[in-house]
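Breakdown of the fold
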Amino acid sequence: MPDRSGPGTRARVGPPSRRTKVLLLTLGVLAALFLLFVMFAGLWTDWLWFDSVHYGSVFTSQLAAKTGLFAVFGLLMALVVGFNLWLAHRLRPPLAAMSVEQQSLDRYRMGVAPFRKWLLVGLSLLVGLVAGAAAGAQWRTWMLWVNGTPFGVKDSQFHKDVSYYAFKLPWYEFVLGFAFSAVIVSLLAATAVHYLYGGLRLQGPGRRASAGAQGHLAVLLGVFVLLKAVAYWLDRYALVVKSESYKNVDGWTGLRYVDANAFLPAKTILFFVAVICALLFFLTPIRRTWAPALIGFGLMALSAILVGGVYPALVQQFQVKPNEQAKETRYIQQNIDATRQAYGIADAAEQQYAPTDSTDAGKLEQDAQTIADIRLLDPNVVMPTFQQNQALRNYYAFPKTLDVDRYGKQDTVLGVRELDMAGVQQRNFINDHFKYTHGYGVVAAKGNQVDQSGNPVYTEQSLPTTGDLGTYEQRVYYGEKTTMYSVVGPGMDEIDYTRDGQPDQTSQYGGGSGVSMDNPLTRAAYAVKFAEPQLLYSGAIKDGAKILYDRTPKERVEKVAPWLSIDADPYPVVQGERLVWVLDGYTTSDGYPFSSKTTFGDATKDSMTDQRGRTLTAANQVNYIRNSVKATVDAYTGEVTLYQWDEADPVLKTWMKAFPGTVKAKADIPSALLPHLRYPQDLFKVQRDLLGQYHMTDATAFFNGTDIWEVPEDPTVNTHEVQPPYYLTVRMPDAPEASFSLTTSFVPSGRKNLAAFMAVDADPGPDYGKLRILRMQSGSGALGPALTQAKFNSDSEVARQLTLLSNGDDSGLVYGNLLTLPVGGGILNVEPVYLVARGAKVPVLKKVLAVYGDRNVALADTLDEALAKVLGSAAAGATTPTAPARPETPGSPDQPTTTPTAPATPTPESPELQKALADAQKAFDDGQAAMKNGDWAAYGKAQEALKKAIADAMAAEQQGGGSGGGTQPGASPSASPPASPPASPTAPPTG
């Protein structure tokens, strides 16, 4: 035959060769195996991690719940849909009607016929997989339903235990939703099959549906309507946990008048209408007519519009609106009571407070501890100072916001010197994961003191750290900044720190945590997990090596306790010989009847949230919260321990049933740790957010909204976010003594004056968690934070001094936390002012602003001087000496150890000068002793004696009785101005 191929003729492509088929098959198998190994690696490494932290039961319990729900509901969905597909095909008419429509469907029927069984199985399995995956995500709902514990509190409408709404109703709603999905998918699939095989027709003469199709679809519709009846019945109970916006509360929850008197009866009526309608659908196959069922369905739809929509609207318009306050009072009161109970604010003690603009030593005597512990160091400001003075190496860093704790009775600002890989000069696989593996030690400073240069007075410092915290394991393998994995073990030296001109100080990890890398399969799994092939073959991994990962305290606790919401601010505690991170865990629910809902992200946001880079789960909307768990993470071993804190919380008891053995009893909390536990910030922020409106316990006042409070904006920053709460030692007027507390201010809605001051006892004693609110008496004129800052800024003398301090450049000034304190029957506001030298970016405390009531503003070098100006003659009983700068102590390799030293006394040349200086020293010592004992009368006498002694010394010196130049013993600023002692030089930054 002639060759018919030409330029325009397409060459025929034959079937692929055998080699090509084998190659394609091999590539497909390898790809499938790789995907399976990736899935296996994720599951296997998760199990190894949980096993390494001794919480394997959490992993297996979750896996069992997820797998069980996936299998049961996936199989159930597949069976239901598959059965209805099979039944629809079984009920097909023997002969399709002769019509153009059916003739066009013949080719589809013929194309489907050879694969009918495979299509049925495939579609059923696909739907089952989707349903199973959705069901597996409901493992928390399942566990709460199975293990639910009664609250012992009943709702006021249906008189059911709160556990019904918190644990049972969500599961019932999920099952109902699943049933709806199964019926709807089955209905759609059955309709498609009936149409394909002629059971349903859109064209042609005669019946549109065969008897089989009619009966099948009618039953499915009947089941759907019956499920709708169940939904109406459950909706009755859901009314008490539904939320809406009402009375300035976005998450208002519970019944209102129209719900109780219109929607609730409507739901009951619609339930019975739906049951009757479902019966009519079930009778359709017998009566062989759609008419009754369709009429019933139409009546149900009409009832839903009239009874469920129009009637409630009429009740709202003609019964509620004309007399809304009287109609809603009962339901508002239910909401108030339930909300206060659910958020733990029901017992908040409120008292009237009439602040004065003046005070005296007698009134201040009770507040001596509050004044002595006024915190000058702002943990949100001084991190760069810690970094400059105490990081000591480029590869160490502190968190952006430091923490406040107390050691003994001293409020302490502290931070952990953590590893910062950005400071490592040579970045490579070995350095990143084998050499630079951990931070080193804690740096702490007194909260209420600075040295004469304005720098912190460190109580724990240097490398290795030394100071008041004693001996403890200082290596930090688990911390807030530790986000990379490390490989550690015997024979693998890791860098602790370096000293100038000396070899690196190294160590080998002996904490026992981590996952062993001895198994080649495990190494391969982690190579896949971290996308790092060198983990598979690197010779740097020695026998006995372990891999450490998931190393931040928050993620470790969240993994072992996935049922907890974790506070955004873990804080370090030196507990005996260990450094541990302490975290607060919250149990929550969104099913507490009548309690208004709040969103974590909104309620816990403040001016420092972005700076901290830490937030509680933002999307969670809850209406019940308890700080039920205190958790610790060992900074060296990574060991996670959960302690039961709220022993009455039913949500915690439920989770303890679901995960037995994971939470230790409250009695097991170590005695060394207990004093450092504190009331958590995020819970307090949620509570203060609610108390802005829910401090009104009377429904009438709540309805009128005449006394709404707000958390004030932070006037020291430009973010327009609210002030954060502050940890302070403070005595509330009804308390016998000062205690470590978490405090906040309130202002009236839309105004700037102070409406209230609130503190919660943060110490784990008998009053732990007690909320105390000081409501400012109407017309008191107490300044809110914005007015206080405005008063500072508008004072001409303050402006002049600050301008001189910053050389006219305001960017060099940083305002610290504006502290509001009830002192001596009035309100004292104190704000430290920091100077940041150009180029250095290191804040140094230079001035202290203060105002008492609405009196004159004081700007002084020390807190004592500021208090002397604003408190007047009463300041003699309120001052506390500022620690002098402290000289270098030999023996510290990197940073001088700061230790207070007695003021130097010159050798006098005359008996008069010698006696005067001796009298001054004695008066100073007597004053210090009196202050510690709270004897302000004796303190005042000592100050007068000190003034006289100083005057005598100056007179003797002027008469030539001495050489002069002596340093006056540490007198109070309220005394005559003495000669200032020379400041010790600040150690130069290292590293």
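Here's a quick rundown of the structure. Just so you know, these numbers come straight off a predicted model, no measurement behind them.

With that settled, consider the environment of Leu652. Its place among the elements puts Leu652 in helix α20 (residues 650-658). Leu652 sits in the buried class, given a relative accessible area of 0%. The spatial distance from the C-alpha of Leu652 to the C-alpha of Thr588 is 9.1 Å, given a sequence separation of 64 residues. The contacts of Leu652, once residues within four sequence positions are left out, are Trp563, Thr587, Ser628, Val629, Gln644 and Asp646.

Quick look at the nonpolar core now. In this structure, Phe386, Val487, Leu535, Trp563, Leu642 and Trp655 are the most contacted members of the largest nonpolar core, which totals 203 residues. Looking at which element gives the most residues to this core, the answer is helix α6 (residues 162-196), with 18 residues. In this view, Leu642 contacts Tyr55, Val557, Ala561, Val629, Lys630, Ala631, Thr662, Val663 and Lys664; residues no more than four positions away in its chain are not counted. Of all hydrophobic cores here, the second largest spans 12 residues; its members include Leu802, Leu805, Leu813 and Leu859.

Once that is clear, we can look at a positive patch on the surface. Side chains of Arg90, Arg92, Arg116 and Lys117 sit close together on the surface and give a patch of like positive charge. Assignment of secondary structure puts Arg92 in the loop between α2 (56-90) and α3 (100-112). A relative accessible area of 36% places Arg92 in the partly exposed class.

Moving on: the packing of α2 against helix α5 (residues 139-147). Their axes nearest at 9 Å, the elements α2 and α5 cross at an angle of 100°. In terms of axis orientation, α2 runs roughly perpendicular to α5. Within the contact between the two elements, α2 uses Ser61, Gln62, Ala65, Lys66 and Leu69 and α5 uses Trp139, Trp142 and Met143. Across the contact of α2 with α5, the residue classes break down as 5 nonpolar, 2 polar and 1 charged.

Moving on to the side chain of Asp367. With respect to the helices and strands, Asp367 occurs in the loop between α11 (361-365) and α12 (368-372). Classification of Asp367 by relative accessible area gives buried; the value is 3%. The contacts of Asp367, once residues within four sequence positions are left out, are Arg731, Pro822, Val823 and Gly824.

So, on to the packing of aromatic side chains. Applying the stated criterion across every chain, the model contains 50 aromatic pairs. Here Arg256 stacks its cationic end above the ring of Tyr246, 4.0 Å away from the centre of that ring.

A few words on the sheet that holds strand β11 (residues 466-467). The strand order β5-β6-β9-β10-β11 describes an open sheet built from 5 strands, whose pairing is antiparallel. In this open sheet, the two edge strands, each paired with only one partner strand, are β5 (403-407) and β11. Bridging between strand β10 (residues 456-461) and β11 involves 2 bridges; their strand directions are antiparallel. Bridging from a neighbouring strand, Glu460 pairs with Gly467 of β11. Across the sheet, helix α13 (residues 383-390) is in contact with β6 (410-416), β9 (442-450) and β10; its angle to β10 comes to roughly 55°.

Strand order in the open sheet formed by 3 strands is β13-β17-β16, with antiparallel pairing between adjacent strands. The open sheet has two edge strands, β13 (486-488) and β16 (515-516), and neither has a second partner. Here β16 runs beside strand β17 (residues 546-548); their pairing, made up of 2 bridges, is antiparallel. Opposite Val515, over in β17, you have Ile547 as the bridge partner.

The next point concerns helix α9 (residues 291-320). Over its 30 residues, α9 extends 40 Å from the first C-alpha to the last, a length consistent with the 44 Å expected when each residue adds 1.5 Å. Val310 marks the point of greatest bend in α9, at about 30°, and the proline Pro312 comes within the next four residues. Where α9 is concerned, the buried positions are Ala293, Gly296, Met300, Ser303, Pro312, Val315, Gln316 and Val320. Residues of α9 that are buried in the fold lie against α7 (211-238), α8 (257-287) and α10 (324-342).

This part takes up the pattern of salt bridges. Evaluation of the coordinates by the stated rule reveals 26 salt bridges. Its salt-bridge partner being Lys242, residue Asp259 comes within 3.4 Å of it at the nearest N-O pair. Of this pair, Asp259 sits in helix α8 while Lys242 is found in the loop between α7 and β1 (243-246), placing the two residues 17 residues apart along the sequence. For Asp606, the salt bridge is made with Lys685, and the minimal N-O distance between the two is 2.9 Å. One end of the pair, Asp606, is in the loop between α18 (600-603) and α19 (609-612); the other, Lys685, is in helix α21 (residues 681-694), and 79 residues separate them in sequence. In terms of burial, Asp606 and Lys685 fall into one category: buried. Taken together, the shared-partner salt bridges connect Lys242, Glu244, Arg256, Asp259 and Glu328 into one network.

Rules used throughout
- Residues numbered from 1 in each chain as written.
- Predicted model: local features only at pLDDT ≥ 70, side-chain atom pairs only at ≥ 80, totals over all residues.
- Heavy atoms only, no water.
- Helix = DSSP H or I, 4+ residues; strand = E, 2+ residues; numbered from the N terminus.
- Buried < 20%, exposed > 50% of the residue type's maximum accessible area, 1.4 Å probe, protein only.
- Contact = heavy atoms within 4.5 Å.
- Core = buried A, V, L, I, M, F, W, Y, C linked by side-chain atoms within 4.5 Å.
- Patch = residues over 30% accessible without salt bridge, like charges linked within 9 Å, V, L, I, M, F, W, Y side chains within 5 Å.
- Areas by Shrake-Rupley, 256 points an atom, 1.4 Å probe, with all protein chains shown as cover.
- Salt bridge = Lys/Arg side-chain N within 4 Å of Asp/Glu carboxyl O.
- Lys, Arg positive; Asp, Glu negative; His and termini not counted.
- Charge placed at Lys NZ, Arg CZ, Asp CG, Glu CD.
- Axes fitted to C-alpha atoms, helices over the stretch in contact; angles between N-to-C directions.
- Parallel < 35°, antiparallel > 145°, perpendicular 65-115°, else oblique.
- Nonpolar A, V, L, I, M, F, W, Y, C, P; charged D, E, K, R; others polar.
- Phe/Tyr/Trp six-rings, centres within 6.5 Å; stacked < 30°, edge-to-face > 60°.
- Lys NZ or Arg CZ within 6 Å of the ring centre and 35° of its normal.
- Pairing = 2+ DSSP bridges.
- Expected span 1.5 Å × (residues − 1).
- Bend = angle between axes of the 7 residues up to and from the residue.

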